[in-house]
Amino acid sequence: MTAKVSIIGAGMTGSTTAHWLAEREIADLVLVDIVEGMPQGKALDLLEALPVVGKDVSVVGSNDFAATKGSDIVVITAGIPRKPGMSREDLLTTNAKIVGDATTQALKNSPDAIILVLTNPLDTMAYLSMKLGKLPRERIIGQAGILDSARMRAFVALETGVSVENIDCYVMGGHGDEMVPLTRHSNVAGIPLRDYLPADKLEAIVNRTRKGGGEIVNLLKTGSAYYAPAVAVAQMAEAILKDKHLIVPASAFMQGEYGLKDMFFGVPVQLGRGGLEKIVEYDLDKAEKAELEKSAAAVKESIGVMMGLVKL
Ligand SMILES: NC(=O)c1ccc[n+]([C@@H]2O[C@H](COP(=O)([O-])OP(=O)(O)OC[C@H]3O[C@@H](n4cnc5c(N)ncnc54)[C@H](O)[C@@H]3O)[C@@H](O)[C@H]2O)c1
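Owing to the predicted nature of the structure, the values given are computational and were not obtained by experimental measurement. (Residues numbered from 1 in each chain as written. Predicted model: local features only at pLDDT ≥ 70, side-chain atom pairs only at ≥ 80, totals over all residues. Heavy atoms only, no water.)

### Overview of the environment of lysine 134
- The residue lysine 134 is located in the loop between helix H4 (122-133) and strand S6 (140-142) in this model.
- The exposed category is assigned to lysine 134, whose relative accessible area is 73%.
- In sequence terms lysine 134 and leucine 312 are 178 residues apart; their C-alpha atoms lie 9.8 Å from each other. (Helix = DSSP H or I, 4+ residues; strand = E, 2+ residues; numbered from the N terminus. Buried < 20%, exposed > 50% of the residue type's maximum accessible area, 1.4 Å probe, protein only.)

So this is what it looks like as structure tokens:
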């Protein structure tokens, strides 16, 4: 492989991201964690799986960031996940320190890397990482929207019985319960969801999407979702490494788009080899704009709390 992706945090999302990426055979992989032996063990296990699926990828585990040297992409997924009853915001104090350290160490070894952030509270952690790393916005993107939109697609497929391949959904806004599933832009084979489903069914899907992360936390009891978040970040990494110019919803640093500035927010972004190529602006109606403003206020509040904890 000529490309290298390092994943900081080899827990549930980190190791599952490595799994999805290894299957795509697009980059050599490094898993880093503070727990001794764990990233090495998981990396070796994954490496030993690859002959069965015929993929030639190097997978290395380490407790030392030196192993990440020269990475094209660094995925930051180190930090604690939610337990039942917790919001993503409850993770802020602990995860700010972890994400700050991970950013500094990662960039020391890979000064040109593109950073993909997964750790929650997502939009705030991406902001912290960008400011600490003094990164241009092209090189730092948070994963949230692909996951939230995939959840919505899955729920629409369950309701309609139509293939997930025919269902496109777009969720914008912060990665919290105020996220904004766009029912006018989302569609089943080109037919807007608003026209395809009765209002009560659609409302139930929107609500379930908003609380999709919490639904899984309540079922698992010991942690949060990992298959879907991990495949979402793998899709972002692939779009970047293959220079696909793929438009997906993700958390990006706002510079006036949608009337927002100096914050990360979930918007449609175009991804290519340089990272964030552009932010796509939808024509939103009054109600959609009002919902986005509510979601933006929640993200701004979280960033405000973080700024009180960390000196940037
Ligand atoms: N953005 C999203 O869509 C999304 C989805 C799922 C999870 N998450 C978030 O991702 C984070 C990780 O979730 P998880 O389920 O993988 O948790 P996990 O507990 O399974 O794994 C986290 C790992 O981070 C490691 N870690 C802690 N401090 C570290 C450090 N300084 N350097 C390197 N590794 C360190 C831990 O040892 C642990 O193995 C959580 O904050 C969670 O909320 C985000």
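That shown, we press on.
### What about the packing of aromatic side chains?
- The final tally for this structure, using the stated rule, is 4 aromatic pairs.
- For the pair tyrosine 127 and phenylalanine 253, a centre-to-centre distance of 6.4 Å together with 40 degrees between the ring planes defines the contact as tilted. Taken together, the positions of tyrosine 127 in helix H4 and phenylalanine 253 in strand S10 (residues 246-255) put the pair 126 residues apart, joining distant regions of the chain. No difference in accessibility class separates tyrosine 127 from phenylalanine 253, as the two residues are buried.
- Ring centres of tyrosine 226 and tyrosine 227 lie 4.9 Å apart, and the angle between their planes is 35 degrees; on these two criteria the pair is classed as tilted. (Phe/Tyr/Trp six-rings, centres within 6.5 Å; stacked < 30°, edge-to-face > 60°.)

### Observations regarding the sheet that holds strand S8 (residues 180-188)
- Read from one edge to the other, the open sheet built from 3 strands follows the order S7-S8-S9, with strand pairing classed as antiparallel. Two strands in the sheet have a free side with no partner beyond their single neighbour: strand S7 (167-172) and strand S9 (191-192).
- Two elements, S8 and S9, share 2 bridges in a ladder whose sense is antiparallel. Within S9, the position partnered with valine 188 by the bridge is isoleucine 191.
- In the packing of helix H7 (residues 199-210) onto the sheet, the strands contacted are S7 and S8, and the crossing angle to S8 comes to about 125 degrees. (Pairing = 2+ DSSP bridges. Contact = heavy atoms within 4.5 Å. Axes fitted to C-alpha atoms, helices over the stretch in contact; angles between N-to-C directions.)

### Concerning the pattern of salt bridges
- One pass over the full model with this rule turns up 12 salt bridges.
- A salt bridge links glutamate 238 to arginine 24, with the nearest nitrogen and oxygen atoms 2.5 Å apart. With glutamate 238 in helix H9 (residues 227-241) and arginine 24 in helix H1 (residues 12-24), this pair connects stretches of sequence that are 214 residues apart.
- In this structure glutamate 238 comes out as buried when scored by relative accessible area, which is 14%.
- We classify arginine 24 as partly exposed; its relative accessible area is 27%.
- The partner of glutamate 288 in a salt bridge is arginine 194, and the shortest N-O contact between them spans 3.5 Å. Of this pair, glutamate 288 sits in helix H10 (residues 286-309) while arginine 194 sits in helix H6 (residues 193-196), and the two are 94 residues apart along the sequence.
- Taking relative accessible area as the criterion, glutamate 288 reaches 5% and is therefore assigned buried.
- Note on arginine 194: relative accessible area 39%, which makes it partly exposed.
- Several salt bridges converge on common partners, so that one network encompasses Arg184, Arg194, Asp285 and Glu288. (Salt bridge = Lys/Arg side-chain N within 4 Å of Asp/Glu carboxyl O.)

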